[in-house]
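Examination of the molecular architecture
The lines below spell out each chain.
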2 protein chains.
Amino acid sequence: MSTPGRGLHGRVLDTLGPAITAGEYPPGSVLRTDELAQRFEVSRSVMREAVRVLESMHLVESRRRVGVTVLPPARWNVYDPQVIRWRLAGADRPRQLRSLTVLRSAIEPVAARLAARHATPEQCAQLTECALGMVANSRGHRLQEYLVHDVAFHRVILDASGNEMFARLGDVVAEVLAGRTHHDVMFDDPDPAAVTLHVRLAEAVRAGDAARAEELTREITLGALQELDILAP
Amino acid sequence: MSTPGRGLHGRVLDTLGPAITAGEYPPGSVLRTDELAQRFEVSRSVMREAVRVLESMHLVESRRRVGVTVLPPARWNVYDPQVIRWRLAGADRPRQLRSLTVLRSAIEPVAARLAARHATPEQCAQLTECALGMVANSRGHRLQEYLVHDVAFHRVILDASGNEMFARLGDVVAEVLAGRTHHDVMFDDPDPAAVTLHVRLAEAVRAGDAARAEELTREITLGALQELDILAP
DNA sequence: GCGCCAAATAAGTCTGACTTTTTGTTCGCG
DNA sequence: CGCGAACAAAAAGTCAGACTTATTTGGCGC
C-alpha cells in the first residue's frame, strides 16, 4: 500500500520509522547520523534526507554537537498518514485503532450532516451504489468485496461534506476499516444491522435530511466503538 | 512562533512552503532542484533536503527525468501544523479558518464529554483557573490576556480527553483562536455569554457530568461558527 | 568555588563526479 | 505510412571527501 521504497532514503524510512514509533528507541535516545548511515549502508547525504523527513514528522530532533534525539510520542505528528501506518503496523496497534475509532465517532456524524446538505447528485448516486455493493457482499464470506464498498462509502461521505479537513480523513478511515477486517474483529459476515444503517444513510443524504444522516452515522460509529469494547463516548 | 530557521533548509522551506500552499505554483507545475538551489543560493544537498520535507507533506512529488511536481491541494497533508501555519499566513486564510472551525465543532464536544470522565483533579483545577482568568480579562480591552487563558482552557480539555488524536489538535485550536483575536473578529470585548459557558463547562467537567460538558461545548463552538457566518452544521 | 577559554565532537554545508531511470526522438523495417 | 526498437538527453539520485560552525565539556587560572 502507498509508496514503498521511493529511493534509498525511503527504504531507510521504512525501517527506521516503524522502529521509532514502536518505541524501540525510547524518547531521549540519541542517534548519530554517521552511525546510522553505516548501519543502513547508505551515504550520509541519503541518511540526512531521511532524518529531515523524520524531523518534519516531529519524531526526532537534530541538534549540533548532540545528535539526533528521539522525541516523546506527545510531540509526534500523529495525523501524518505515514506515521499512522507505521503505528498501525506496530505493537500498540490496538491502542491506535481505538484512538482512531473515537476520532471517527466525532467526525463522521458531522460530516454526514454536512454531506446531506452539500452532496451532488453524482455523489448521492455513488453512495447508493456503494450501499448496494455492501448489501450484495454482506453474505457468504465476501469480506474483501464488502470492505471495498464500505471504504468507498465512507470516503464519499467525507468528500461530500465539502470540508477539506474531513475529506482528508478518508485514508485514515480506510486504514481503520481495513485493519478491522484483516486482523481484529474477524467476523464471518458483517453485522446485518450495520448494512441496513448504511443503506438508510445513503437515502437520508439523498433526501437532504441532515438530522437523520447525522443520527444514522452516530449509530454506525457507535457500533464500531462497541466492536472494540469502547463504551459510548 | 514554532521553529524559524533551523538551518539553511529551514530557511528555504520558510519561503517555498508558503509559496506553494498559496498557489503561486499551480498544481502540475514542474520545478528543478538545481534551478531552485541557484535561486535560493544554497547547495543542492540543502535543496534536496528541503524537497524531501515538502515531499513528506505531499506538497510536491519528485520523479526522475521529470523534476519536482507540485501536487493538487487535495493531496496535501492538511493536518501538518506547518502546512496549517503556512496556509493561515496566506491568501485563503478565511477559507482555512472556516474549515478548522468546523473541525473544532466536531471534535471539541466529544473531547469535553471524555474529559468529564477522565480529567484528573489537577486538570480540573487548571480548567477552573483558566476560566477565572477569562472572567478576569473579559472586560477592558484585555484581549491578549483573555486569549492566553482561552487557549489554555481548550488545551486542557483536549488533553484531558485522554485521546491522543484530540490532544494533538491543541495547536490547531490555538492557531484558530489567535487568528480570530488578531485579525478577523476584532470585538472590543469577548462575548459575556461565551465566558459564562466556559465557567459552566469547567464546573461540568469537575462534576463529571459528561452530557452537560458536551452540550456546553456545542454551544461554545456554535458561537465560534456563527462568528464566521457559518450556519450550524 | 566560579568563570572563562580551548579542545573535542557531531551536525551542517559545499562541491564535483558518477549512476540510474525515464522520456522523447529518431531511424529502420515491415 | 505506421510501428517498434534502439539511442540520446535530461534530471533526479547517489556517493565520497573536505571543510565550517555551533555546542558542550572539561580544564585552567583567578
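Residues numbered from 1 in each chain as written. Chains lettered and ligands numbered in written order. Predicted model: local features only at pLDDT ≥ 70, side-chain atom pairs only at ≥ 80, totals over all residues. Heavy atoms only, no water.

Per an unreviewed UniProt entry, the recorded name for chain A is Transcriptional regulator, and the organism is Streptomyces echinoruber.

A few words on the side chain of Asn137 of chain B. For Asn137 of chain B, the position within the fold is in the loop between helix H6 (121-136) and helix H7 (143-160). Setting aside residues no more than four positions away along its own chain, Asn137 of chain B makes contact with Arg142, Glu145, Tyr146 and His149 of chain B. (Helix = DSSP H or I, 4+ residues; strand = E, 2+ residues; numbered from the N terminus. Contact = heavy atoms within 4.5 Å.)

With that settled, consider the sheet that holds strand E3 (residues 67-70) of chain B. Residue and element names in this part refer to chain B. Read across the open sheet, the three strands follow the order E1-E3-E2; overall the sheet is antiparallel. Strand pairing shows two members of the sheet lacking a second neighbour, strand E1 (30-31) and strand E2 (60-63), which therefore form its edges. Bridge count between E1 and E3: two bridges; the pairing is antiparallel. Following the sheet pairing, Leu31 is matched in E3 by Val68. (Pairing = 2+ DSSP bridges.)

Attention now moves to the UniProt feature "domain: HTH gntR-type" (unreviewed entry) in chain A. Residues annotated by UniProt as "domain: HTH gntR-type" (unreviewed entry) correspond here to residues 6-73 of chain A. Split by type, residues 6-73 of chain A is 51% helix and 15% strand. Its first and last C-alpha atoms lie 26 Å apart. (UniProt positions renumbered as here; feature names shortened; annotations may be inferred.)

A few words on unusual backbone geometry. Residues and elements named next belong to chain B. Here the phi dihedral of Glu41 falls at roughly 60°; this positive angle occurs in a residue that is not glycine. Residues other than glycine seldom take positive phi values, yet His141 does so here, at roughly 55°. Mapped onto the elements, His141 comes out in the loop between H6 and H7.

Spatial ordering of the open sheet is given by E1-E3-E2 (chain A), a layout of three strands whose pairing is antiparallel. Looking at the sheet topology across the chains shown, the edges are occupied by strand E1 (30-31) and strand E2 (60-63) of chain A.

Let us look at the interface of chain B and chain A. In this complex, chain B contributes 36 residues to the contact, which on the side of chain A involves 36 residues. Three residues, Tyr79, Met165 and Arg168 of chain B, lead the burial of chain B against chain A; their summed loss comes to 21% of the area buried on that side. Here chain B and chain A share six salt bridges between them. For the salt bridge of Arg48 of chain A with Glu49 of chain B, the shortest nitrogen-to-oxygen distance reads 2.4 Å. The set of elements that each furnish at least two residues to the side of chain B that touches chain A consists of helix H3 (44-56), helix H4 (81-88), helix H5 (93-118) and helix H8 (164-167) of chain B. Among the elements that make up the side of chain B that touches chain A, the one with the highest residue count is H5 of chain B (eleven residues). For the side of chain B that touches chain A, the class distribution of residues is 19 nonpolar, six polar and eleven charged. (Buried area = accessible area lost by both parts, 1.4 Å probe. Salt bridge = Lys/Arg side-chain N within 4 Å of Asp/Glu carboxyl O. Nonpolar A, V, L, I, M, F, W, Y, C, P; charged D, E, K, R; others polar.)

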